[in-house]
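# Topology and contacts: notes
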Amino acid sequence: MSEPPGVAGTPIRVLVAKPGLDGHDRGAKVVARALRDAGMEVIYTGIRQTPEMIAEAAVHEDVDVVGLSILSGAHLELFPRVTQLLKEKGKDDVLLVAGGIIPDEDIPQLNAMGFRGVFGPGTNTHDLVKFVQEEMAKRRKNA
Amino acid sequence: MPNAECQMLNAIPTSTVQSPVSNSNADLVAQIRRGEPLAIARAITRVERGGAAAQELIRALFAFTGHAHIVGITGAPGTGKSTLVNALAKEYRARGKRVAIIAVDPTSPFSGGALLGDRLRMQDLAGTGIFIRSMATRGQLGGLAAAVADALLVLDAAGFEIILVETVGAGQGEVDIARHAHTTIVVEAPGLGDDIQAIKAGILEIADVLVVNKADRDGANAAVAALEMNLNLNPDKTAWRPPVLKTIALASEGVSQVADAIEQHAAYLTNNSLRAKKERARFDDGLRELLQRELLERALRKLPPSRWEELLGQITQRQRDPYSIADEILEAQV
């Protein structure tokens, strides 16, 4: 047991953010609520976040997971900017999850950027919660 | 990609790569003292988790604390605490102060989860060097998280001059913030209650500064009058009289006066040797809580879970009473 005491029982901390200029945050709010109900601490920062704001919030809040939701189609431009900034700030150990309107053909590119999960419209929140819990369980075990 | 999004991308300054946060306590302390956000954030996570690692860190940091002015902001849900904190932080920034914010929101007693949404109202502060941390109460009553006391020490040691602590949306009895803050601001909004609400015991008694926010709404002057009337009833005319200030935090109106009032209160504390008294009260409570927790942990550590179950059984079957069992456990410690 090399883990500090209490780590296993520490809530998973998730940043839910919307980069880009679209103002549709219903999906992000549904996700935030589902993660909250699954016992996670969700930091919700709302719409029109710049990559810089997202990376700064991820650092300050010391989150385990960063979830980005976007519907404007700018994901291939904005998401790499977020991952680059996280790396520069030394916060690239987070689990990256993406959601929103993302064409299937873009998913391999997002995976290559480090996004472990990509969840589109119609996703059952139960599947998302399970994904985050399982990924985090693996990470905490290996930590 | 729309043009505006391209512009947004281009506007972002590229920063230098941060050094990784060290696991060694001495290195972490040095990084915190240099004000590195990543190290400060990890340190707060560590004190939230508690245990030996947290204790070791606080021991190493404690000598560097005692310089920050801690300002508590409390009040009912929806009075505009987060928006006021946002505006106040901007005001202090303009005055050249180093500012940090702790924003507390409640943990669900049902799921253990929390939605921490205060940061949503603090968007203006991104990229300004202001450190913002959201904390969940994690079962603590009284309007704060248990780890707030230690998180304050981390931020104090990191050299922040002003630390703003926003409580959960408080009812009438959540007054814990007054033990941690040097200056406590109670935020009200028009239309929340009559003059009887103003003379009840509880949250209004802890105010060093009273703010009626959303002052562009009907009833703002009546709210100010009710609060002033209550203050007139205070028999001690020599004590600090909390100023009652009107703000429209969303437009930053009246916020400069709030910052002035905090400064006046800080000066009042210093001039009357009250800051030391406040600090004493803060650590008096803190030390008692610490002892409670430590004694409980030590008592339980020596007690096998099976024995605990057995003792509980004896209570529920009315064979023995809780007091004598507690006595037995405590005596076994010595």
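Small disclaimer: the values here were computed from a predicted structure and weren't measured. (Residues numbered from 1 in each chain as written. Chains lettered and ligands numbered in written order. Predicted model: local features only at pLDDT ≥ 70, side-chain atom pairs only at ≥ 80, totals over all residues.)

## Here's the deal with the overall build of chain A
For clarity, the cut-off: Secondary structure elements follow DSSP: runs of H or I no shorter than four residues count as helices, runs of E no shorter than two count as strands, and numbering proceeds from the N terminus. C-alpha atoms define the radius of gyration in this analysis, and the globule rule sets the expected value at 2.2 Å times the number of residues to the power 0.38. Labels follow a simple rule on C-beta atoms placed from the backbone: if 20 or more others lie within 10 Å of a residue's own, it is buried; if 12 or fewer, it is exposed; otherwise it is partly exposed. We call two residues in contact when their backbone-placed C-beta atoms lie within 7 Å.
A count of helical and extended segments in chain A gives five helices and five strands. Listing each helix as α and each strand as β along chain A from the N terminus yields β-α-β-α-β-α-β-α-β-α. Over its C-alpha trace chain A gives a radius of gyration of 14 Å, about what one expects of a compact globule, namely 15 Å for 143 residues. Counting only C-alpha atoms and orienting by the principal axes, one finds that chain A spans roughly 45 × 35 × 25 Å. In chain A, which comprises 143 residues, the share counted as buried stands at 48%. Expressed as a percentage of contacts within chain A between residues at least 6 apart in sequence, the contacts between residues at least 24 apart total 73%.

## Regarding the domain arrangement of chain B
Applicable threshold: Where each domain starts and ends comes from a domain assignment, either automatic or drawn from a database.
Taken as a whole, chain B is organised into domain 1 (16-63), domain 2 (65-273) and domain 3 (283-333). The C-alpha-based centres of domain 1 of chain B and domain 3 of chain B are spaced at 33 Å.

## Observations regarding the nonpolar core
Just so we agree on the cut-off: The nonpolar core criterion groups buried Ala, Val, Leu, Ile, Met, Phe, Trp, Tyr and Cys residues into a set whenever they are joined through C-beta atoms within 7 Å.
Counting residues in hydrophobic clusters, the biggest one holds 125 residues, and the most contacted among them are Val-42 of chain A together with Ile-101, Val-148, Val-154, Ile-163 and Leu-164 of chain B. It is helix α6 (residues 148-157) of chain B that provides the largest number of residues to this core, a total of eight residues. In terms of domain composition, this core takes at least three residues from each of domain 1 (16-63) and domain 2 (65-273) of chain B. Contacts of Ile-101 of chain B, omitting those with residues within four sequence positions, involve Val-85, Ala-89, Met-122, Ile-130, Ile-132 and Leu-164 of chain B.

## A short note on the confidence of the model for chain B
All names here are of chain B. Heads up, the rule is: A residue's pLDDT is the confidence the predictor assigns to it, expressed on a 0 to 100 scale.
Per-residue confidence for chain B averages 88 on the pLDDT scale, and 90% of its residues sit at or above 70. Predicted confidence is poor over residues 1-16, with pLDDT under 50, and the contacts of this stretch with residues over four places away or in other chains come to 16 contacts. In the predicted assembly, ipTM is 0.89 and pTM is 0.87.

## Considerations on the pairing of strand β4 (residues 95-100) of chain A
All names here are of chain A. Filter applied, for reference: Criterion used throughout: strands pair if DSSP finds at least two bridges between them. Looking down the strands as they point away from you, a crossover is right-handed if its path from the first strand over the helix to the second goes clockwise.
The buried count for β4 comes to six of six residues, which makes it a mostly enclosed element. Sheet topology places strand β3 (residues 65-70) next to β4; six bridges connect them, and they run parallel. Bridge pairing links Ile-70 to Gly-100 in β4. Taking the sense of rotation as the criterion, the β-α-β connection linking β3, helix α3 (residues 75-88) and β4 turns out right-handed. Following the chain from β4 across helix α4 (residues 107-113) to the adjacent parallel strand β5 (residues 115-119), one finds a crossover that is right-handed.

## Considering the packing of helix α3 (residues 37-49) of chain B against α6 of chain B
The packing of two helices is summarised by the inter-axis angle and the distance between the axes. Residue and element names in this part refer to chain B. Threshold: A fitted line through C-alpha atoms serves as each axis, taken over the contacting stretch for helices, and the angle formed by two N-to-C directions is quoted from 0 to 180°. Here roughly perpendicular refers to angles of 65 to 115 degrees, roughly parallel to angles under 35, roughly antiparallel to angles over 145, and oblique to all remaining angles. With the far helix as reference, a near helix turned anticlockwise by less than a right angle produces a left-handed crossing, and one turned clockwise produces a right-handed crossing. Note on residue categories: nonpolar means Ala, Val, Leu, Ile, Met, Phe, Trp, Tyr, Cys or Pro, charged means Asp, Glu, Lys or Arg, and polar means any other residue, Gly included.
Viewed as axis vectors pointing N to C, α3 and α6 meet at an angle of 155°, and their least axial separation amounts to 9 Å. In this view, α3 runs roughly antiparallel relative to α6, as classed from their interaxial angle. Like other packed secondary-structure pairs, α3 and α6 cross with a definite hand, here right-handed. Within the contact between the two elements, α3 uses Ile-40, Ala-43, Ile-44 and Val-47 and α6 uses Asp-150, Ala-151, Val-154 and Leu-155. Residues of the contact of α3 with α6, tallied by class, amount to seven nonpolar, no polar and one charged.

## Description of unusual backbone geometry
Residues and elements named next belong to chain B. Residue Arg-138 is not a glycine yet carries a positive backbone phi of 45°. With respect to the helices and strands, the residue Arg-138 is situated in the loop between β4 (131-136) and α6. On the basis of neighbour count, Arg-138 is assigned to the partly exposed category, with 17 C-beta atoms found within 10 Å. A positive phi angle is found at Ser-252, which is not glycine, with a value near 60°. Under the C-beta neighbour-count criterion, Ser-252 is labelled partly exposed, with 17 such atoms within 10 Å.

## Examining the sheet that holds β4 of chain A
Pairing is parallel across the open sheet formed by six strands, whose spatial order is β5(A)-β4(A)-β3(A)-β1(A)-β2(A)-β3(B). Edge positions in the open sheet fall to β5 of chain A together with β3 (114-116) of chain B, since each of these has one partner strand only. With strand direction ignored, the average angle separating the axes of adjacent strands in the sheet is 20°. Strand direction decides the pairing type here: strand β2 (residues 41-49) of chain A and β3 of chain B, joined by three bridges, are parallel. Looking at β3 of chain B, one finds that Val-42 of chain A is bridged to Leu-115 of chain B. Across the sheet, α3 of chain A is in contact with β1 (13-19), β3 and β4 of chain A; its angle to β3 of chain A comes to roughly 160°. Contacts from helix α5 (residues 125-142) of chain A reach β3, β4 and β5 of chain A, with the element oriented near 170° to β4 of chain A.

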